[in-house]
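Per-entry structural report
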Amino acid sequence: MSEILWEEPFCAESSNCFRLGTDAEGNAYIAVAGREDVYLMDSREALATMIRDIKAGKADHLLRRP
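Heads up: these notes are all about the structure in this document. (Residues numbered from 1 in each chain as written. Predicted model: local features only at pLDDT ≥ 70, side-chain atom pairs only at ≥ 80, totals over all residues. Heavy atoms only, no water.)

**Let's talk about the overall build of the protein chain**
Each helix and strand in the protein chain was counted, giving one helix and five strands. Ordering the α and β elements of the protein chain from the N terminus gives β-β-β-β-β-α. Dimensions of the protein chain, computed from C-alpha atoms along their principal axes, come out at roughly 40 × 25 × 15 Å. Burial status across the protein chain gives 20% buried among its 66 residues. (Helix = DSSP H or I, 4+ residues; strand = E, 2+ residues; numbered from the N terminus. Buried < 20%, exposed > 50% of the residue type's maximum accessible area, 1.4 Å probe, protein only.)

**As for the state of the cysteines**
Enumeration according to the criterion identifies one disulfide in this entry. For C11, the disulfide goes to C17, at an S-S distance of 2.0 Å. Disulfide C11 to C17: torsion about the S-S bond roughly 115°, handedness right-handed. Judged by its relative accessible area of 49%, C11 falls in the partly exposed class. (Disulfide = S-S within 2.5 Å.)

**What to know about the packing of aromatic side chains**
Counted under the stated rule, the structure contains two aromatic pairs. Here the aromatic rings of Y29 and Y39 are separated by 4.9 Å at their centres, their planes lie at 85°, and the arrangement is edge-to-face. Residue Y29 is found in strand β4 (residues 27-32), and its partner Y39 is found in strand β5 (residues 39-43); the two are separated by 10 residues along the sequence. Among the residues examined, Y29 registers a relative accessible area of 0% and is labelled buried. Judged by its relative accessible area of 32%, Y39 falls in the partly exposed class. Pairwise contacts between aromatic rings join W6, Y29 and Y39 into one cluster. (Phe/Tyr/Trp six-rings, centres within 6.5 Å; stacked < 30°, edge-to-face > 60°.)

**Some words on the layout of surface pockets**
Taken as a whole, the largest pocket encloses approximately 200 Å³ of empty space. Only β2 (10-11) and β3 (17-22) provide two or more residues apiece to the lining of the largest pocket. Counted by class, the lining of the largest pocket contains six nonpolar, one polar and no charged residues. (1 Å grid on protein atoms, 1.4 Å probe; cavity = no way out; pocket = protein on both sides within 12 Å on 5 of 7 lines; lining within 4 Å. Points joined across faces, edges and corners; volume = space filled by probe spheres on them. Nonpolar A, V, L, I, M, F, W, Y, C, P; charged D, E, K, R; others polar.)

**Things to note about the pairing of β5**
Bridge analysis of β4 against β5 gives five bridges, and the strand direction is antiparallel. Paired with Y29 across the bridge in β5 is M41. Following β4, the chain reverses through six residues before pairing antiparallel with β5; G34 in that reversal takes a positive phi of roughly 90°. (Pairing = 2+ DSSP bridges.)

This is the structure in structure tokens:
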């Protein structure tokens, strides 16, 4: 496995921070900052699709409080 190159964390106000990473083999990773040894892995294209869908509002319902 190639080395994972992690981006700077994405953090909310004093909440958990998430990190995105990629490797030379075309994989993408998501982990909680400080727990990069436990990650979710998929293709870079899958990550790009997820980011586009989130930006398009397809996950907005997850932000609503019950």
